[in-house]
Amino acid sequence: MAGKRIFSGVKPTGHLTLGNYLGAMRRWADEDQHRADAVFCVVDLHALTVEHDPARVRRLSRQAATLLLATGLDPQRCTVFVQSHVDEHARLSYLMECTASDGEMRRMIQYKEKAAGAQARGEGVRLSLLTYPALMAADILAYGTDEVPVGEDQAQHLELARDLAVRFNRRYGPTFVVPKAIHPTVAARVMDLQEPVSKMGKSQARTAGIVFLLDEAETVRKKVMRAVTDAHADVVYDRAERPGVANLLDVLAACSGGDPQALAGAYGSYGALKKDTAEAVVELLRPVRERHAELAADPGYVDAVLRAGAARARELARPRVDAAYRAVGLLPAV
Ligand code: AMP
Ligand code: TRP
């Protein structure tokens with residue numbers, strides 16, 4: 001499909017969550033692949049920025065790719081591939097490191113949080129955790145991307161990718177499209193059900209507040225019914241004062257297509273809100289889980305999709321990355 005280019009990705013650092021789905025993946029399948037030339041990537045190189053187990057990353061990468069297809073991404077319509085299968089990402093990342101400054105990398109909130117976490121666990125902070133946004137910018141810029149559909153937590157990384165594109169173009173001549181982030185209107189930041197002031201993240205140690213896309217229906221119900229709320233009794237949408245209830249309303253609104261403020265008025269108790277939210281999530285995830293089971297039984301098909309996806313991605317990225325190499329003054333190989 002001609003026109004706009006869309007690019008986005010997901011890291012295989014844990015099992016994918018309801019946050020990933022509502023914040024990003026759902027629209028990739030339902031909207032983005034239908035309206036543009038869309039490219040979706042399992043960003044496995046990014047999973048190596050924190051301590052990792054090689055076998056687990058391999059398993060989670062395959063699972064993430066299978067889940068992308070299970071959500072409805074159609075390989076006839078869009079490109080689905082694994083980052084490490086396409087050398088252009090690492091190749092361009094180096095030029096992004098030569099464009100960015102040390103200070104702007106250190107200002108990244110996710111770097112500060114993750115570096116502090118690694119230190120608290122007595123692990124070293126990998127240098128790649130600091131340079132992560134350079135690789136992410138490369139992912140995006142290599143494809144001439146116009147729009148990047150992501151959750152709200154990625155806004156700062158996207159701003160940096162824009163800055164790098166503008167700076168590179170100014171220094172070396174027009175090479176990159178300057179991309180723009182797009183976020184969902186509801187549930188752009190789904191919070192942990194047990195700790196509604198923190199993002200629902202797939203690599204958290206405590207999983208009681210995290211709904212995983214592959215959780216059984218009964219598990220989903222239990223997690224939602226046990227969501228932390230507050231000592232009030234009436235249902236009011238107030239993200240600052242009542243984050244637990246606001247999160248449930250956001251999730252319910254995202255599942256049912258309603259508006260969280262308006263939905264609040266329809267409920268007289270937390271129990272009823274939780275019950276409806278649990279059922280809405282179960283129904284939303286049911287087809288994804290079913291399709292995942294079918295696809296997981298046919299790994300040959302998933303492999304073939306990823307092989308074709310990587311071939312197309314290489315074709316798309318190569319000319320722009322070559323142009324960037326020439327623009328910065330590297331002697332072309334003849
Ligand atoms: P990640 O799991 O960090 O690779 O994120 C993949 C995509 O899901 C990104 O676009 C994130 O912004 C989005 N995402 C991750 N967690 C959440 C969350 N709790 N709420 C909304 N979006 C999220
Ligand atoms: N940093 C993103 C995240 O944690 C994942 C990612 C890497 C990404 N490269 C990307 C997202 C390029 C969009 C576009 O969610």
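Per-chain numbering applies: the sequence of each chain, read as written, is numbered from 1 onward. Numbering of ligands from 1 and lettering of chains from A proceed in the order in which they are written. Where local features are concerned, this predicted model is filtered to residues with pLDDT of at least 70; where side-chain atom pairs are given and counted, the filter is 80 or more; whole-chain, interface and lining totals use all residues. In computing side-chain properties, one takes all heavy atoms of the structure into account and sets aside hydrogens as well as water.

Caption draft 1: Examining the nonpolar core more closely. Leu18 and Leu22 are the most contacted members of the largest nonpolar core, which totals 63 residues. Only DSSP runs of H or I reaching four residues or more are called helices, and only runs of E reaching two or more are called strands; each is numbered from the N terminus. Sorting elements by how many residues they give to this core places helix α11 (residues 270-296) first, with 10 residues. Throughout, a residue-residue contact means that at least one pair of heavy atoms, one from each residue, lies within 4.5 Å. If sequence neighbours within four positions are ignored, Leu18 has contacts with Gly23, Met200, Val211, Leu213, Val251, Val281, Leu284 and Leu285. For our purposes a nonpolar core is just a set of buried Ala, Val, Leu, Ile, Met, Phe, Trp, Tyr and Cys residues, chained together by side-chain atoms within 4.5 Å. Categorising residues by exposure relies on relative accessible area from a 1.4 Å probe, with only protein chains included: less than 20% of the type maximum marks a residue as buried, more than 50% marks it as exposed, and the intermediate range marks it as partly exposed. If you look at the next biggest cluster of nonpolar residues, it comprises 41 residues, including Phe7, Leu95, Met136 and Ala138.

Caption draft 2: Here's a closer look at the side chain of Asn169. You can see Asn169 is positioned in helix α7 (residues 155-172). Not counting chain neighbours up to four residues away, the residues in contact with Asn169 comprise Pro174, Thr175, Phe176 and Val178.

Caption draft 3: Here's a closer look at the site of ligand 1. Residue proximity to a molecule or strand is established when one non-hydrogen atom of the residue lies within 4 Å of it. Close to ligand 1 lie 18 residues; Lys11, Gly151, Asp153, Val190 and Lys202 are nearest. Considering ligand 1 on its own, with 480 Å² of exposed area, one finds that the protein chains cover 96% of that surface. When residues of the shell around ligand 1 are traced back to their parent elements, those giving at least two are β1 (5-10) and α1 (18-35). With 4 residues, α1 is the single largest residue contributor to the shell around ligand 1. Each residue belonging to the shell around ligand 1 can be placed in one class, and the counts come to 7 nonpolar, 6 polar and 5 charged. Note on areas: Shrake-Rupley, 1.4 Å probe, and residue coverage restricted to the protein chains presented here. Each residue is assigned to one of three groups, with Ala, Val, Leu, Ile, Met, Phe, Trp, Tyr, Cys and Pro labelled nonpolar, Asp, Glu, Lys and Arg labelled charged, and all others, Gly among them, labelled polar.

Caption draft 4: Structural context of the domain arrangement of the protein. For the domains described, the bounds stem from an automatic or database domain assignment. When its domains are assigned, the protein resolves into domain 1 (5-183 + 299-327) and domain 2 (217-293). The distance between the C-alpha centroids of domain 1 and domain 2 comes to 30 Å. Facing the 9 residues of domain 1 at the interface are 9 residues of domain 2. Simply put, the buried area is the total loss of 1.4 Å probe accessible area from both parts when two parts are fitted together. When domain 1 packs against domain 2, close to 830 Å² is buried across both sides, 75% of that on carbon and sulfur atoms. By definition, a salt bridge exists where a carboxyl oxygen of Asp or Glu is found within 4 Å of a side-chain nitrogen of Lys or Arg. Put simply, domain 1 and domain 2 have 0 salt bridges between them. Pairs of N or O atoms are called polar contacts if they sit within 3.5 Å, as long as, within protein, a hydrogen donor faces a hydrogen acceptor (for residues adjacent in sequence, only side-chain-to-side-chain pairs). Our enumeration of links across domain 1 and domain 2 arrives at 1 residue pair in polar contact (both at pLDDT 80 or more). Only α1 and α2 (54-70) provide two or more residues apiece to the side of domain 1 that touches domain 2. Residue composition of the side of domain 1 that touches domain 2, by class: 5 nonpolar, 3 polar and 1 charged.

Caption draft 5: Spotlight on the pairing of β1. For β1, a buried count of 5 out of 6 residues is recorded, marking the element as mostly surrounded by other parts of the structure. Remark: the β1/α1/strand β2 (residues 37-42) crossover connection has right-handed handedness. Call a crossover right-handed when, viewed with both strands pointing away from you, the route from the first strand across the helix to the second goes clockwise.

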